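# Notes for the structure review
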Amino acid sequence: MGISKVNEVIGSSLLGFEDAARTVIERANRTLRGIKGIEVIEKQVKVGDEGLQEYRVRLRLLFDVAPDTLLHW
């Protein structure tokens, strides 16, 4: 029987929403194993005097929890 967990994370980029999401996923893959799904919850754009300044995405990541046989304690 498997157990999954859900985390919400926020990422940003100067290039666009897709780049912001890619940045989040690449970073999450360094510390989380078994990411099974991603849901885009929210998109935002930071606007300043010179126009668009930053793209932001809030993602929900679904990943597997390590089975008992892989626990370190």
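Just so we're clear, the structure is a prediction, and the values are computed from it rather than from any experiment.

## Description of the sheet that holds strand β3 (residues 51-64)
Spatially, 3 strands are ordered β1-β3-β2 in an open sheet, and the strand pairing comes out antiparallel. With partners counted over all chains shown, the strands left at the sheet margins are β1 (4-13) and β2 (35-48), one partner each. When the angles between neighbouring strand axes are averaged without regard to direction, this sheet yields 15°. Sheet topology note: the β1/β3 ladder contains 10 bridges and is antiparallel. Bridging across to β3, N7 finds its partner in L61. Contacting β1, β2 and β3, helix α1 (residues 17-31) crosses the sheet at an angle of about 40° to β3.

## Comments concerning the nonpolar core
For soluble globular proteins, the rule of thumb is that nonpolar side chains tend to be buried together. Grouped together as the largest cluster of nonpolar side chains are 5 residues: A20, A21, V24, V57 and L59. Taken together, the elements giving at least two residues each to this core come down to α1 and β3. Setting aside chain neighbours within four positions, we find A20 in contact with G11, S12, S13, Y55 and V57.

The rules behind each value
- Residues numbered from 1 in each chain as written.
- Predicted model: local features only at pLDDT ≥ 70, side-chain atom pairs only at ≥ 80, totals over all residues.
- Heavy atoms only, no water.
- Pairing = 2+ DSSP bridges.
- Helix = DSSP H or I, 4+ residues; strand = E, 2+ residues; numbered from the N terminus.
- Axes fitted to C-alpha atoms, helices over the stretch in contact; angles between N-to-C directions.
- Contact = heavy atoms within 4.5 Å.
- Core = buried A, V, L, I, M, F, W, Y, C linked by side-chain atoms within 4.5 Å.
- Buried < 20%, exposed > 50% of the residue type's maximum accessible area, 1.4 Å probe, protein only.

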